[in-house]
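Fold and contact review
Listed below are the residues making up each chain.
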Amino acid sequence: MTWQPLRRQVLQGMVVAATGGLAGCSNDSTNDDRKASNATSVDGKTQTTAEPQPQTATATATRTPVANPEEKVDNWLKHAQIYDGTILDERDQPRVTVSVGADAKDGFDGFSFDPPAIRITTGTEVTWLWTGDGGKHNVTEIDGGFTSGEPESGGGTMFVHTFDQAGLYRYKCTSHGNELNMRGAVIVEY
């Protein structure tokens, strides 16, 4: 009858070992994604607001810097409405803002990201700020690196993402990215 205490000791030892092994597996992400709406008053109507809410951090695969990212950006954005081949150089800036629902030059107002392409360094915080034009939009990286969630409308809505890994990030509005080429790109360098 000594097998039960021995079995209990063995099981307790296994639980302790498993718990100790999992202690190092906690999510230590410093990803600072937030979504918020700001109060606005349009024609005397006040829109409700919400404070910035942290989104759940999701693990992303390590990205490998891409050779000739400019060529991939050109291919991704070749039909985007306001892309003219320019990649805005914002390296060493701590924060950059991109308009969501920007006006286009050809009359398709509200279906662009402005600027459509940026070059930044790791650690840069990018804020996508909704203009309120073009209906419901979102910001979704095509390889799953980040998303603002479901499409939303309303000026002042924002999505914030800090880029901790170098690489090429191509994103789109899931409502308008295919038909209206509402697309953008971020090149992240060390």
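Residues numbered from 1 in each chain as written. Predicted model: local features only at pLDDT ≥ 70, side-chain atom pairs only at ≥ 80, totals over all residues. Heavy atoms only, no water.

For the protein chain, the name recorded in an unreviewed UniProt entry is Halocyanin domain-containing protein, with Halorientalis brevis as its organism.

1. Concerning the sheet that holds strand β12 (residues 167-172)
Quick reminder of the rule: One requirement defines pairing of two strands: DSSP has to find at least two bridges between them. Only DSSP runs of H or I reaching four residues or more are called helices, and only runs of E reaching two or more are called strands; each is numbered from the N terminus. In what follows, a contact means two residues having at least one pair of non-hydrogen atoms within 4.5 Å. Note on method: axes are straight lines fitted to C-alpha atoms, helices fitted across the in-contact stretch only, with angles between N-to-C directions ranging 0 to 180 degrees.
In spatial order, the strands read β5-β8-β13-β12-β10; together these five strands make up an open sheet with mixed pairing. With one partner strand each, in any of the chains shown, β5 (88-89) and β10 (140-141) form the two edges of the open sheet. Pairing geometry for strand β8 (residues 117-121) and strand β13 (residues 183-189), over five bridges, is parallel. Each bridged residue has a counterpart across the sheet, and for Ile-118 the counterpart in β13 is Val-186. With respect to the sheet, helix α2 (residues 69-77) is in contact with β8, β12 and β13, its orientation differing from that of β13 by roughly 170 degrees.

2. Focus: the pairing of strand β6 (residues 95-102)
Of the pairings in the sheet, the one linking β6 to strand β9 (residues 124-130) comprises six bridges and is parallel in character. When the sheet's bridge partners are listed, Arg-95 is paired in β9 with Glu-125. Relative to strand β7 (residues 112-114), β6 runs antiparallel, the two sharing three bridges. Paired with Val-100 across the strands is Phe-113, a residue of β7.

3. With respect to the pattern of salt bridges
Put simply, the test is: Only one rule defines a salt bridge in this text: a Lys or Arg side-chain nitrogen within 4 Å of an Asp or Glu carboxyl oxygen. Burial classes: relative accessible area under 20% of the type maximum marks a residue as buried, over 50% as exposed, and values in between as partly exposed (1.4 Å probe, protein chains only).
Counted according to the given criterion, the structure contains five salt bridges. We note a salt bridge from Glu-70 to Arg-119, for which the minimum N-O separation is 2.8 Å. Of this pair, Glu-70 sits in helix α2 while Arg-119 sits in strand β8, placing them 49 residues apart in sequence. Assessed through its relative accessible area of 11%, Arg-119 is described here as buried. Between Arg-119 and Glu-189 there is a salt bridge, with the nearest N and O atoms lying 2.8 Å from each other. With a gap of 70 residues between them, Arg-119 in strand β8 and Glu-189 in strand β13 connect regions that are remote in the sequence. Glu-189 sits in the partly exposed class, given a relative accessible area of 24%.

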